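Architecture and fold: a report
Take a look at the letters that make up each chain.
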Amino acid sequence: SYRSSSAIGGEILAALKKRFDTTWNESLLRDLQCRSAKPCAAVYRLRDGGGLFLQVRPTGLKYWQFRYTKPEGRESSIQIGPYPRVTLEQARTVRNSHQAAIARGGRSVCTPQAR
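The paragraphs below set out a description of the structure included in this document. (Residues numbered from 1 in each chain as written. Predicted model: local features only at pLDDT ≥ 70, side-chain atom pairs only at ≥ 80, totals over all residues. Heavy atoms only, no water.)

Another aspect to go through is the pairing of strand 2 (residues 52–56). Side-chain positions along a regular strand alternate between the two faces of the sheet. Among the five residues of strand 2, five are classified as buried, and the element is accordingly described as predominantly covered. Side chains of strand 2 alternate between two faces, with Leu52, Leu54 and Val56 and Phe53 and Gln55 buried alike. As defined by bridge partners, strand 1 (residues 44–49) adjoins strand 2 across five bridges and the pair is classed as antiparallel. Directly across from Tyr44, in strand 2, lies its bridge partner Val56. From the end of strand 1 to the start of strand 2, which pair antiparallel, there are two residues, and Gly50 there has a positive phi angle of about 70°. Both strand 2 and strand 3 (residues 62–69) contribute to a ladder of five bridges, which runs antiparallel. Directly across from Phe53, in strand 3, lies its bridge partner Gln65. (Buried < 20%, exposed > 50% of the residue type's maximum accessible area, 1.4 Å probe, protein only. Helix = DSSP H or I, 4+ residues; strand = E, 2+ residues; numbered from the N terminus. Pairing = 2+ DSSP bridges.)

The structure is reproduced here in structure tokens:
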């Protein structure tokens, strides 16, 4: 039978949404990717999902950052700490606590950087 292209497109979008919704909790980064990230001429980011990313600077320094949207709609970011001093699992834990605080309607909590 003939189906309109919009119906097929809707099915594809639904399948993609289902795929990404089920894998959202799965981690996008692996520790090996973080360790092997090499500096480039410009700053770049390796995304882990949920607003967490590893920023790799031209100097070779790597920092975990979390980007989020404030309740009033403005974007903001928090620097979590340097990699490898702050591990991938620790950065995810900090991200999750910030997301939970924001979801409760509160402000993102500030945590001291690992030393």
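With antiparallel pairing, four strands are arranged side by side in an open sheet as 1-2-3-4. Looking along the sheet, the strands with just one partner apiece sit at the ends: strand 1 and strand 4 (75–83). Adjacent strand axes in the sheet meet at a mean angle of 25°, parallel and antiparallel pairs treated alike. This element, helix 3 (residues 88–103), spans strand 1, strand 2, strand 3 and strand 4 of the sheet and lies at about 15° to strand 3. (Axes fitted to C-alpha atoms, helices over the stretch in contact; angles between N-to-C directions. Contact = heavy atoms within 4.5 Å.)

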